[in-house]
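Analysis of the macromolecular model
Spelled out, the chains give:
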Amino acid sequence: MPLILPKKYHRKLLPETTEVAIKMVKDAFQTTLARELKLRRVTAPLFLLTGTGLNDNLNGVEQAVSFTIDAMGGKTAEVVHSLAKWKRYKLGAYDIAPGYGLYTDMNAIRTFEDLDNIHSLYVDQWDWEKSIRKEDRTLSYLKETVRTIYRTLLEVEQMVFERFPHITPVLPQEITFVHAEELAKRYPDKTPREREAITAKEHGAIFIIGIGAPIDGGEPHDGRSPDYDDWISLNEEGYHGLNGDIILWNPVLEIPFEISSMGIRVSPESLVEQLEIRGCAERAELPFHRMLLEDKLPYSIGGGIGQSRLCMFLLHKAHIGEVQASIWPEDQIRKCAEAGIELL
């Protein structure tokens, strides 16, 4: 995405006040989310051993940052892309009952990211996972969980307004659900990104269902790894997918703004099918995948919620570098400064 420099952009908080606001947003959101979803906080790894199948493969082509461990005979470890599968493993290890779960701070380094208003080398998000019963693997359960997360978002947005009255709320009171297949039929001549933009601008907040599933035998709306979200199972509305993305309309940048990817996780059956579709059936031999196929892991729902993106949105910032410390090209730093955007 090209760098966006909004005309007449005026920061609503000075950098020092922004730091205070960031802490307020993060503290309030994670506390409220944990209460509403019945989650407890756990400590998470920054890196995992290569070859366990626990790291998120994203779209299967992104290269993880890796290094060798001298004290372990030269074994290789890699910085996490996300903790999508690690969390499900921990649900089983801690024997967390259905209806309860865990969350953690996930920090990643993604060297392949394009650096722009919403993408950084540094990724920080709340990763959460919740044990469910087999009968909870439904679209209605997914939707109710999305609504709970969205209510939390609305609550924190109101808190920001009460603390900083010049930052007025922009989110609608309800989130709108739409299937990726439905969007493709509605806008057959548009790209997935264009469909998102039209729909997010119309409704203000949407949840697109079925991210990763091939649409009419063709390409998916967007990429999703085959071994955590279930994007192939038919749901009760007749579409593929028990997962999706929460996308908000960002009025500062005037773009669709993904804040979370989440979903009901794969069953043994959907795992096999999705691995075959993506041409990576050999992953079934990895330790994590064997545990899942042998019914040694609980059914679950989970996702990630971007911390910096959340702060950026709620504080009406134009660049993610205004709410996190990272590395940016000198040319981008200069252009942002000329447009009144001060990067941390």
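Attention here is on the structure that accompanies the text. Everything numeric here is computed off the predicted structure, so don't read it as measured data.

Focus on the overall build of the protein
Along the protein, the regular secondary structure elements total nine helices and 11 strands. Radius of gyration (C-alpha) of the protein: 20 Å, near the 20 Å computed for a compact globule of 344 residues. Along the first, second and third principal axes, the C-alpha atoms of the protein reach 55 × 55 × 40 Å. Burial status across the protein gives 53% buried among its 344 residues. Long-range pairs, those at least 24 residues apart, make up 72% of the contacts in the protein with a sequence separation of at least 6. Accessible surface for the protein amounts to roughly 15200 Å². Of this, 52% is attributable to carbon and sulfur atoms. Positive and negative side-chain charges of the protein, numbering 40 and 52 respectively, have mean locations separated by a distance of 3 Å.

What about the sheet that holds strand β9 (residues 243-250)?
The eight strands lie next to each other as β1-β5-β6-β11-β10-β9-β8-β7, forming an open sheet whose pairing is mixed. Of all strands in the sheet, those with a lone pairing partner are β1 (39-41) and β7 (176-179), marking the two edges. Strand-to-strand twist of the sheet, defined as the mean angle between neighbouring strand axes without regard to direction, takes the value 30 degrees. In the sheet, strand β8 (residues 205-209) pairs with β9 via five bridges, with the strands oriented antiparallel. Counted as the bridge partner of Ala205 is Leu248 from β9. Of the strands in this sheet, β1, β5 (101-109), β6 (122-131) and β11 (300-306) touch helix α1 (residues 15-37), which is tilted by about 15 degrees from β6. The sheet strands contacting helix α2 (residues 84-93) are β5, β6 and β11, and the helix crosses β6 at an angle near 35 degrees.

Quick word on the pairing of strand β4 (residues 75-79)
Pairing geometry for strand β2 (residues 47-49) and β4, over three bridges, is antiparallel. Note that in β4 the partner of Leu48 across the bridge is Glu78. Strand direction decides the pairing type here: strand β3 (residues 66-69) and β4, joined by four bridges, are antiparallel. Within β4, the residue paired with Ser66 across the bridge is Glu78. Taking the residues between adjacent antiparallel strands as the criterion, β3 and β4 are bridged by five residues, where Gly73 takes a positive phi near 70 degrees.

Some thoughts on the pairing of strand β10 (residues 255-264)
In terms of residue burial, β10 counts as a mostly covered element, since eight of its 10 residues are buried. As defined by bridge partners, β9 adjoins β10 across eight bridges and the pair is classed as antiparallel. If you follow Asp245 over to β10, its bridge partner there is Ser261. Between the antiparallel neighbours β9 and β10 lie four residues, among them Glu254 with a positive phi of about 55 degrees. Bridge analysis of β10 against β11 gives five bridges, and the strand direction is antiparallel. Paired with Gly263 across the strands is Gly302, a residue of β11.

A look at the pattern of salt bridges
If you walk through the whole model with that rule in mind, you get 25 salt bridges. One salt bridge connects Asp331 with Lys335, and the closest N-O pair in it is separated by 3.3 Å. Separated by four residues within a single helix, Asp331 and Lys335 lie in helix α9 (residues 330-338), roughly one turn from each other. One connected set of salt bridges, linked through shared partners, spans Lys87, Asp127, Glu129, Arg224, Asp229, Asp245 and Arg265.

Some details on the nonpolar core
Side chains of a nonpolar character, in soluble globular proteins, are inclined to be buried together. If you look at the biggest cluster of nonpolar residues, it comprises 60 residues, and the most contacted ones within it are Trp128, Phe207, Ile246, Leu248 and Met262. Sorting the residues of this core by element identifies α1, β6, α3 (139-163), β8, β9, β10, β11 and α8 (307-314) as the ones contributing at least two each. No other element matches α3, which puts 10 residues into this core.

Concerning the packing of α1 against α8
The geometry of α1 relative to α8 is characterised by a closest axis approach of 10 Å and an angle of 115 degrees between their N-to-C directions. Note that α1 runs across α8; the crossing there is right-handed. Between α1 and α8, the residues in contact are Ile22, Val25, Lys26 and Phe29 and Gln307, Leu310, Cys311 and Leu314, respectively. Here the residues of the contact of α1 with α8 are counted per class, giving six nonpolar, one polar and one charged.

Here's the deal with the environment of Leu171
Along the chain, the position of Leu171 falls in the loop between α3 and β7. Sequence separation of Leu171 and Glu157 is 14 residues, and the distance between their C-alpha atoms is 8.2 Å. Contact partners of Leu171, with chain neighbours within four places excluded, come to Tyr150, Leu153, Leu154, Glu157, Gly204, Leu248 and Phe313.

Things to note about unusual backbone geometry
Non-glycine residue Lys8 carries a positive phi angle of around 60 degrees. Inspection of the secondary structure puts Lys8 in the segment before α1. Here His316, not a glycine, exhibits a phi torsion of approximately 60 degrees, which is positive. Among the secondary structure elements, His316 is positioned in the loop between α8 and α9. Among the residues examined, His316 registers a relative accessible area of 8% and is labelled buried.

Definitions and cut-offs
Residues numbered from 1 in each chain as written. Predicted model: local features only at pLDDT ≥ 70, side-chain atom pairs only at ≥ 80, totals over all residues. Heavy atoms only, no water. Helix = DSSP H or I, 4+ residues; strand = E, 2+ residues; numbered from the N terminus. Rg over C-alpha atoms; globule rule 2.2 N^0.38 Å. Buried < 20%, exposed > 50% of the residue type's maximum accessible area, 1.4 Å probe, protein only. Contact = heavy atoms within 4.5 Å. Areas by Shrake-Rupley, 256 points an atom, 1.4 Å probe, with all protein chains shown as cover. Lys, Arg positive; Asp, Glu negative; His and termini not counted. Charge placed at Lys NZ, Arg CZ, Asp CG, Glu CD. Pairing = 2+ DSSP bridges. Axes fitted to C-alpha atoms, helices over the stretch in contact; angles between N-to-C directions. Salt bridge = Lys/Arg side-chain N within 4 Å of Asp/Glu carboxyl O. Core = buried A, V, L, I, M, F, W, Y, C linked by side-chain atoms within 4.5 Å. Left-handed = near helix turned anticlockwise from the far one by under 90°. Nonpolar A, V, L, I, M, F, W, Y, C, P; charged D, E, K, R; others polar.

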